[in-house]
Amino acid sequence: YPPGPPGWPVLGNLPSLARNAHLQLTAWRGTYGDVFSVKMGLQDAVVVSGKDAIREALVRKAEHFSSRPDLFLMRRNNHRNGLVMRPYGDGWKILRRFSVSTLRSCGMGTGTIEEKIRLECQHFCTALGEKVDQPFDLTHLLHNAVANIICSMATGKRFEYGDPTFLRLMEIVERAMVLFVTAHVINIYPVLRFFPVVGRPYQEWMDLSARTHDCIRDIVTQHQKSKNVSDAANTIVDAFTKSVELDPDSLPDQSLMYLLIDLLGAGTDTAGNTLRWGLLYLVTHPDVQAKVQAELDQVVGWDRPPVVSDKPNLPYTEATIMEMQRIRTVVPLAVPHCTTSDTTLLGYNIPAGTDVLINLWSLHMDPGRWDNPDKFDPSRFLDGNGQLQTTDSFLPFSTGRRVCLGEQLAKMELYMFVTSMLQQFTFKLPEGAQPNFDGILGVTLRPENFELIALRRA
Ligand code: HEM
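Because the structure is a prediction, the values reported are computed rather than measured.

K.L.:
If you had to explain empty space enclosed by the protein to someone new, which residues and values would you point to?
P.N.:
For the structure on display, the rule yields three cavities of 30 Å³ or more. Considered as a void within the structure, the second largest cavity measures approximately 80 Å³ in volume. Every residue lining the second largest cavity is listed: Ile150, Cys151, Ala154, Thr155, Leu169, Ile216, Ile219, Leu260 and Leu264. Of all the secondary structure elements, the ones that give two or more residues to the lining of the second largest cavity are helix H8 (139–155), helix H11 (200–226) and helix H13 (255–284). Among the elements that make up the lining of the second largest cavity, the one with the highest residue count is H8 (four residues). Split into classes, the residues belonging to the lining of the second largest cavity amount to eight nonpolar, one polar and no charged.

Written as structure tokens, this is what we have:
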């Protein structure tokens, strides 16, 4: 069994992991290697770091490492009916296949989705244009914009920025991402939910779940009322409804609402926070920002918006987006995995039912792989001719069977938002602002709220 750091009685290593677990786990990798164990209370988890160990687990031994732990908090709100936390097996395979093919037929990876994203970028830049020359926190605007893309794939509808229902939903998603980690102790000792102080995050979690269910139910009902679902199944809700009408057993019971919550949760906080980290690095590295803008001016110019077919001609821009994703891995520990059978990893025995944390943060900050990993330097992704070079040590979307379902969509979003913003605006920090690069860890690592100033480019 893998070795690991000594822990406290009963609590194990939890006290050391209460804040910035990704940093502590990365530090322990230095002592214990690419496969080590930690004690989450009385329960063990195995931490996997480094490209070889990660690939061995998630790709070569995918059949053993692709499930999700049965977390108490997820069971209590029925969230194991969705896709993200559903255990590996037939139900997950059916739902994943349905989701991939429906997202494709709703336009993922094609011109249709590019058009949707382009329109959203236009709305976003118009809204940003009303805030120029003054300090402004664009968190809500950005999250609203990326959530709209999922919403329009789910129901064909986008929400106006500032729509109160949507803002509430965004706040819930953001808070749930943090609570997933702060309330984790309840997963380990469910009895603590009955205790006054420790039990509070549990109450909040259950309350947020109920409110999310209500919001999503309203959105689905409104869509179903406004439309004849026997029309072409060009939204996720329609495709789901149609499939179940044709064959009630075609999809797992009650999975639509949880699937929508998953897509919204997984697709909003990740892309929104990647863009926010990106902006924070751009305002603190004006030379990089200027270089991206120079490339955009040369390739795209001013008379038309950037399009996906420009991408091969924008290597520095693409390298910058990759560097944004590397330097602040927005899902630093992926989503927890779990073994389905007794197995081995790099020679260590790992029993069935062991929780497994995939340390993507350590992969992206590995000094053995990246020169000066704390430096924001897009050129590390370029070869001597200024062309993009790929590397197997860059896995922001993870890998294997549970690899991010929205990878293609997310890449298109990041590209379209970054290029649209920098074509039209230059960003800078307000006078005297002190940027903080530590972040707040939930499932995602998000930057603390910050203000910046958008200046319209001449
Ligand atoms: C920059 C944006 C994004 C990043 C960095 C990201 C990253 C990730 C990561 C690291 C995982 C966990 C993989 C694992 O457990 O090994 C994941 C899972 C997932 N992502 Fe994303 N993601 C992004 C955007 C999206 C979008 C836009 C969607 C929506 C379509 C999405 C849907 C999902 C789903 C459904 C899963 C769970 C897959 C499963 O368990 O089978 N993600 N993502």
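K.L.:
Got a sec to walk through the coordination of the iron atom of the ligand? Specific residues and values, please.
P.N.:
On the protein, Cys404 (SG) is the one donor atom to the iron atom of the ligand, at 2.3 Å. Turning to its location among the elements, Cys404 is positioned in the loop between helix H16 (360–364) and helix H17 (407–424).

K.L.:
Kindly report on the site of the ligand, identifying the contributing residues and their values.
P.N.:
The environment of the ligand is formed by 28 residues, the closest being Arg68, Arg96, His337, Ser398 and Cys404. Contacts to the ligand include Arg96, whose side-chain N or O atom sits 2.9 Å from an oxygen atom. A distance of 2.9 Å separates an oxygen atom of the ligand from a polar atom in the side chain of Arg402. Elements with a minimum of two residues in the shell around the ligand: helix H6 (90–105), H13 and H17. Of the residues forming the shell around the ligand, the biggest block, five residues, is contributed by H13. The residue inventory of the shell around the ligand, partitioned by class, reads 18 nonpolar, seven polar and three charged.

About the cut-offs
- The residue numbering used here restarts from 1 in each chain and proceeds along that chain's sequence as written.
- Totals for whole chains, interfaces and linings use all residues, but because this is a predicted model, local features are given only for residues with pLDDT of at least 70 and pairs of side-chain atoms are given and counted only at 80 or more.
- Excluding hydrogens and water, the side-chain figures rest on all heavy atoms present in the structure.
- Lining residues are those with an atom within 4 Å of a point, where the points come from a 1 Å grid over the protein atoms alone and group into cavities, where a 1.4 Å probe fits but cannot get out, or pockets, open sets with protein on both sides within 12 Å along at least five of seven lines.
- Grid points are joined across faces, edges and corners, and a volume is the space filled by probe spheres set on the points.
- Secondary structure follows DSSP: runs of H or I at least 4 residues long count as helices, runs of E at least 2 residues long count as strands, and numbering of each begins at the N terminus.
- Ten residues, namely Ala, Val, Leu, Ile, Met, Phe, Trp, Tyr, Cys and Pro, are considered nonpolar, four, namely Asp, Glu, Lys and Arg, are considered charged, and the remaining ones, Gly among them, are considered polar.
- Water is absent from the atoms considered, so a metal site may look incomplete; donors are defined as N, O and S atoms within 2.8 Å of the metal, or 3.2 Å for Na, K and Ca.
- Nearness of a residue to a molecule or strand requires only that one of the residue's heavy atoms be within 4 Å of it.
- Polar contacts here mean pairs of N or O atoms no more than 3.5 Å apart (in protein, one a potential hydrogen donor and the other a potential acceptor; neighbouring residues in sequence count only if both atoms are side-chain atoms).

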